[in-house]
Amino acid sequence: MSILSSLKFRFAVGFTTLSLIGLGSGYLYTKSTTNQLSQQQNVSLVQQKISDLPQQHFQNTAIAQLAPSDSTEQQKSTFSKQKSGSAPYKVIDELKKYKFSVRGNQILSSAKLPNANVNFNQKDLLFVLINTKKYFQNHSSQDANVLRTGLLASSGVTVQDVLKTLDFMIAVLQEDIANNRVTRLQDSNFINQNFRVIKWSAYNPQNRNQERLRLTKYAVFTHPGSRKKTAKFNTPIYSLKDNLSGNKFFTKYTKQDVLSGIYEPGGKEFGKVEPLAYLTREGLEEALMQGTILINFNDGSKAFFNVDRNNEIPFIKGVAPRAQKRYWYFRKVDAIKGYGYKIDAKISIKPGVTFAGDVLNIGLGKIIVLEYPQGGSKRLKMGIIADTGGAFLPNLYQLDFLAGIFQNQNGFRQYISQLPEYATAYILVKK
């Protein structure tokens, strides 16, 4: 399945305002004992296999991605020029089409973290680091997008460097957690000694004066719904049937076509999809924006649903949500999901340590530290790019922060009012 199926709708939120910014796969969060045991088993599995990655394959493929039609010597020359900053980088969009060119030294520069504690939840970050590394290990042969070096090639960063960074951070966190101590990764001096710190200055073609990255926020929300159509809950969310999804019949229909009833009894495509749940009309729009929702059914049960595949109609910025023609088909899921080329391959993520960003031009698995003022002092927050969305392809000036699960928008807005709207961003690469 194309990477396009993992894009998502989001709320871009400043301190007090909400605005629609993108679209994609969605998220959820559960604390059941079963999931905790499953997560621990996944950690053990990745620990066993982490040394088996074909590092040289990653590096060679990443270099080749820079100029896939060139000869080997031309590829090496291109990579060398990008590394030195002498060659412009060609920024691409979600369809891999050229948009504009930039030089790496316009955006990336060597730096040091300020003297302050780095804030993050140790176990949650370890969980996402391991799952991201596991994605490289298990799915890079099907998803060549994660082997792109992207803009970071201008700073000499390869995919092998990204994997080495993940390995080191996983090892440090495992050792520190096992010894029941605050991890060394929260010490900015330790970071400066062991990592290259690359300052990422915003590059916004529409606002050349923007220097710091914009930090938007997204979340999982709960919604009331019904398993059967009722007078109140009369708007369906559908799942594509596995035996029919291959012919792409669903790409012929807009959201408005779907809502006209083509899949309901009497409709011309009845039987080709499965109705998963019924929401209010407003509930559907919020589900499409959020990507993952928790539905509280009127029979007392609950379930999480995540967007799966879309009708391949582009999202149009500036068009009202209800007028958008793009439509998403959902799947039932049981974990928070981030980036992935198909729904059963998506990375399991955690709130507070996950950013959505431009995985084609910045790259999956990049470790991000944000610096911003709070209460008269500098704050540092660490996370990893383990998700993406339509608003980030391309986007060299923004990240989206997974804030958590909320019952309503008021609780969400109250929580994110403590977070900055803009921040200085750094990318960490193991020396």
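Residues numbered from 1 in each chain as written. Predicted model: local features only at pLDDT ≥ 70, side-chain atom pairs only at ≥ 80, totals over all residues. Heavy atoms only, no water.

Novice: Any chance you could explain unusual backbone geometry here in plain terms?
Specialist: A negative phi holds for most residues other than glycine; trans holds for most peptide bonds. Residue Pro 394 follows Leu 393 across a cis peptide bond; omega there is 0°. Tracing the backbone through its elements, the reader meets Pro 394 in the loop between strand S16 (377-387) and strand S17 (398-406). Not every positive phi belongs to a glycine, and Asn 180 is a case in point at roughly 55°. In this fold, Asn 180 is placed in the loop between helix H6 (159-178) and helix H7 (188-194). (Helix = DSSP H or I, 4+ residues; strand = E, 2+ residues; numbered from the N terminus.)

Novice: Explain the pairing of strand S12 (residues 302-310) to me, please; I cannot follow it from the model alone.
Specialist: Burial analysis of S12 places eight of its nine residues in the buried class, the great majority of the element. Sheet analysis places strand S11 (residues 292-297) next to S12, joined by five bridges and oriented antiparallel. Within the sheet, the bridge partner assigned to Ile 295 lies in S12 and is Ala 303. The hairpin formed by S11 and S12 contains four residues between the paired strands, and Gly 300 there has a positive phi angle of roughly 95°. Relative to strand S13 (residues 328-333), S12 is paired through six bridges, and the arrangement is antiparallel. Residue pairing across strands places Phe 305 opposite Lys 332, the latter belonging to S13. (Buried < 20%, exposed > 50% of the residue type's maximum accessible area, 1.4 Å probe, protein only. Pairing = 2+ DSSP bridges.)

Novice: Help me out: how do you make sense of the side chain of Thr 158 in this one?
Specialist: Along the chain, Thr 158 falls in the loop between helix H5 (122-139) and H6. Classification of Thr 158 as buried rests on a relative accessible area of 7%. Side-chain polar atoms of Thr 158 contact the backbone nitrogen of Gln 160, separated by 3.3 Å. (Polar contact = N/O pair within 3.5 Å; in protein donor to acceptor, adjacent residues only side chain to side chain.)

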